[in-house]
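Results of the structural survey
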Amino acid sequence: MNPVDDRIGEEALPSRTRAVRITRRTVLAGLGGMALAGGATAAYGVGIEPMRLSVTRYAITPKGHWPAGLKLRIVALADIHACEPWMSAARIAGIVETANALGGDLTVLLGDYVTGQNFVTRYVEAAEWAPELGRLRAPLGTCAILGNHDWWEDRSAQARGAGPTIAGQALTRAGIRVLDNEAIRLEKDGRAFWLAGLGDQLALLPGAKRHGHARIGVDDLDKTLAAVPQGAPTVLLAHEPDIFPQVPAHVALTLSGHTHGGQVRLFGYSPVVPSRYANRYAYGHVREQADLVVSGGLGNSIAPVRFGVPPEIVVVDLSSEAIA
């Protein structure tokens, strides 16, 4: 049978039994395609997605107590990690402008304003990023907590084993209320609720005074909630979500950052998450004894890579009734 007949005979076979001829050219073409795809993916993860900005919205009827008729919109910014070229003062200004346009009743900052990586062209100092955040506007104001990098990168605070921190002082000068294991009463439409801010759970790095401890927090959940009247509607700000199993069920909502959604997230799974609970609290809305929302954050930590979890501003609408 001549070569033409060979091809005709092969085409007559069912496709599942047809022979596949693998050649050196086929292998090289496949490897080349994989390399191009990998290069394109890497370029996107480093050069494109980290520079995006999305708005993620949650409409939540809290499992914990929430007053009838009180509708509250919270705009949350987390993990800014100011540095160039990834998070310049100009980019922060743009994020602030977007946040102000979202119609929030209250704006909250969830910590980590200071960068946590070395892949930078310039470190953006607190004197630059704090005034930009000071331009945030909401009827009930802007409140903040600190994150682990706000402590870790502050050598003076680490040496003292206590605050104040440079980041905290800069926020205060910018007119932002920094909550440190305390709660404040706020009111909307004649209905009161409490906003509580937890100290950072990983604040202090190992040192001579802390030998044998990996990291020590300055958090005190009992003290933070002590000022809240029994049964009062409460929103808790906690940089790391790992505290959530200890949060009482009467707390309507806990807002956290820290994880960045793993910075790489595929099909709802993050390979690496800076949490003892791994993917349990990696990202998004979690409902257990109460409600938790973990922001994917805005900046980068360790490495300037994001894939499947673009920088985001979080908007949470709270109501005792289902929100359409």
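Our subject is the structure listed above.
These notes cover the structure that comes with them. (Residues numbered from 1 in each chain as written. Predicted model: local features only at pLDDT ≥ 70, side-chain atom pairs only at ≥ 80, totals over all residues. Heavy atoms only, no water.)

Description of the overall build of the protein
Filter applied, for reference: Segments assigned H or I by DSSP are reported as helices when at least four residues long, segments assigned E as strands when at least two residues long, and all are numbered from the N terminus. Any pair of residues with heavy atoms lying within 4.5 Å of one another is described as a contacting pair.
Looking only at helices and strands, the protein has eight helices and 14 strands in total. Here the analysis covers contacts within the protein between residues at least 6 apart in sequence; of these, 73% occur between residues at least 24 apart.

Describing the packing of aromatic side chains
Operational definition: Centres within 6.5 Å are what make two rings of Phe, Tyr or Trp a pair, Trp counting through its six-membered ring; a difference in plane orientation under 30 degrees is then read as stacked, over 60 as edge-to-face, and the rest as tilted. In this scheme, a residue with accessible area under 20% of its type's maximum is buried, one over 50% is exposed, and one in between is partly exposed, where area comes from a 1.4 Å probe on protein chains only.
Tallied over the full model, the rule gives four aromatic pairs. Measuring from centroid to centroid gives 5.2 Å for Y277 and Y281, while their planes differ by 65 degrees, and the two rings are edge-to-face. For Y281, a relative accessible area of 0% translates into the label buried.

Notes on the sheet that holds strand β14 (residues 312–318)
In plain terms, the rule: The pairing criterion for strands is at least two bridges between them, as found by DSSP.
The strand order across the open sheet formed by six strands is β1-β14-β2-β4-β6-β7, and the pairing between neighbours is mixed. The sheet is open, and its two borders are formed by β1 (54–60) and β7 (177–178), each paired with just one other strand. With five bridges joining them, strand β2 (residues 72–77) and β14 adopt antiparallel strand pairing. Looking across to β14, one finds that A76 is bridged to V314.

What to know about the pairing of strand β13 (residues 291–294)
Residues D291 and V293 of β13 are buried on one face, and the alternating residues L292 and V294, pointing to the opposite face, are buried as well. Sheet analysis places strand β11 (residues 253–256) next to β13, joined by four bridges and oriented parallel. Bridging across to β13, T254 finds its partner in L292. Both strand β12 (residues 284–287) and β13 contribute to a ladder of four bridges, which runs antiparallel. In the strand pairing of β13, R287 is matched with D291. Hairpin connection from β12 to β13: three residues lie between these consecutive antiparallel strands.

A few points about helix α4 (residues 126–133)
We apply this condition: Throughout, the arc means the angular range of directions from the helix axis out to the C-beta atoms.
When we look at burial in α4, the residues that qualify are A126, W129, A130, E132 and L133. Looking straight down α4, one finds its buried side chains confined to an arc of 160 degrees; they lie on one side. Close packing links the buried residues of α4 with α3 (89–100), β4 (106–109) and α7 (166–173).

Considering α7
When we look at burial in α7, the residues that qualify are A167, G168, A170 and L171. Relative to the axis of α7, the buried residues are bounded by an arc of 165 degrees and lie together on one face. At its buried positions, α7 is contacted by β4, α4, β6 (142–144), α5 (148–152) and β7. The positive-phi residue at the C-terminal boundary of α7 is G175, with phi of around 90 degrees.

Details of the pattern of salt bridges
Formally: Any carboxyl oxygen of Asp or Glu within 4 Å of a side-chain nitrogen of Lys or Arg constitutes a salt bridge here.
One pass over the full model with this rule turns up nine salt bridges. Here E132 and R135 are joined by a salt bridge, their closest N and O atoms 2.9 Å apart. On the basis of relative accessibility, which here comes to 44%, the residue R135 falls in the partly exposed class. Across the pair E182 and R177 runs a salt bridge, and its minimum N-O distance is 3.3 Å. For R177, a relative accessible area of 40% gives the class partly exposed. Residues joined in a network through salt bridges with shared partners are E84, R122 and E128.

Let's talk about the environment of N300
To keep things clear, this is the line we draw: Polar contact is the term for a pair of N or O atoms within 3.5 Å; when the atoms are in protein, one must be able to donate a hydrogen and the other to accept it, and sequence-neighboring residues count only if both atoms are side-chain atoms.
Within the secondary structure, N300 sits in the loop between β13 and β14. Residues N300 and P50, 250 residues apart in the sequence, show an inter-C-alpha distance of 7.5 Å. Excluding residues that lie within four positions of it along the chain, N300 makes contacts with P50, H81, W86, Q117, H260, Q263, V305 and R306. There is a polar contact of 3.4 Å between the side chain of N300 and the side chain of R306.

A short note on the nonpolar core
Going by this rule: Throughout this description, the term nonpolar core refers to a set of buried Ala, Val, Leu, Ile, Met, Phe, Trp, Tyr and Cys residues connected via side-chain atoms within 4.5 Å.
Among the nonpolar cores identified, the biggest contains 33 residues, and L77, L109, Y113, W129, L133 and L171 are the most heavily contacted of them. Taken together, the elements giving at least two residues each to this core come down to β2, α3, α4, α5, α7 and β14. In contact with W129, not counting residues within four places along its chain, are A82, I92, Y113, V114, V124, A167 and L171.

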